[in-house]
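Tertiary structure, described
Single-letter residue listing:
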Amino acid sequence: MTKKNQFNIRVYGLLVNKNKEVLVVDEYIKNDLITKFPGGGLEFGEGLTDCLIREFYEETGNKIKIKELFFVNENFVPSFLSKHQQIISFYYLVSASKRFKIKQQFTNNFEFEEYEETIEGFRWLFINKLKLTDFDLPIDKMVVKKLKKHY
């Protein structure tokens with residue numbers, strides 16, 4: 001059971017390839033289909049960048065390098081999973097090795113054969129064609145606006 005009035009710290013990576021495409025992940029979470037950037041929740045005892053390196057590896061099976069902090073949400077944003085949690089999200093620009101391979105890559109969103117908890121699929125989206133409606137999390141929409149200006 002979630003306690004009232006907790007902070008939920010999230011850390012996400014923005015991996016942009018040479019074609020100016022950004023990696024996104026489609027997930028089935030709590031009976032919802034969500035498109036977001038790779039990353040996840042900070043665990044007790046972790047630093048922000050350690051969390052992102054762990055989350056990226058867990059999700060993609062690849063190691064990344066942190067380039068720079070790109071965005072931090074400054075406004076109150078409640079969690080879509082619990083109205084009693086305030087989300088604080090950090091987004092970093094990251095780079096990957098030349099041998100970066102994605103285990104489950106899709107062309108279209110939610111090409112899952114079966115929907116089960118923790119299933120993930122990855123896609124590359126051109127930054128200049130990103131739409132706010134491509135993403136489900138409110139903070140990701142803020143990041144999309146900044147990404148489009150940056151690239």
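Placed above this text is the structure.
Quick caveat, the model's predicted, so the values are computed rather than measured. (Residues numbered from 1 in each chain as written. Predicted model: local features only at pLDDT ≥ 70, side-chain atom pairs only at ≥ 80, totals over all residues. Heavy atoms only, no water.)

This next bit is on the sheet that holds strand β7 (residues 120-126). One open sheet holds the 3 strands; their spatial order is β3-β2-β7, and the pairing between them is antiparallel. Where the open sheet ends on each side, the last strands, each with one partner, are β3 (32-36) and β7. Going from strand to strand, the sheet's axes swing by 25 degrees on average, the running direction of each strand aside. Bridging between strand β2 (residues 21-29) and β3 involves 5 bridges; their strand directions are antiparallel. Following the sheet pairing, Asp-26 is matched in β3 by Thr-35. (Pairing = 2+ DSSP bridges. Helix = DSSP H or I, 4+ residues; strand = E, 2+ residues; numbered from the N terminus. Axes fitted to C-alpha atoms, helices over the stretch in contact; angles between N-to-C directions.)

For the rest of this paragraph, the subject is the sheet that holds strand β6 (residues 85-96). To summarise the sheet geometry, strands pair through backbone hydrogen bonds and adopt either a parallel or an antiparallel arrangement. The strand order across the open sheet formed by 4 strands is β4-β1-β6-β5, and the pairing between neighbours is mixed. Each edge of the sheet is formed by a strand with only one pairing partner; in this case those strands are β4 (39-41) and β5 (64-72). Averaged over all pairs of adjacent strands, the angle between their axes in this sheet comes to 25 degrees, without regard to strand direction. Across 3 bridges, the pairing between strand β1 (residues 6-15) and β4 is antiparallel. Bridge assignment links Arg-10 to a residue of β4, and that residue is Gly-41. Helix-sheet contacts for helix α2 (residues 138-150) involve β1, β5 and β6, and the interaxial angle to β5 is about 105 degrees. (Contact = heavy atoms within 4.5 Å.)

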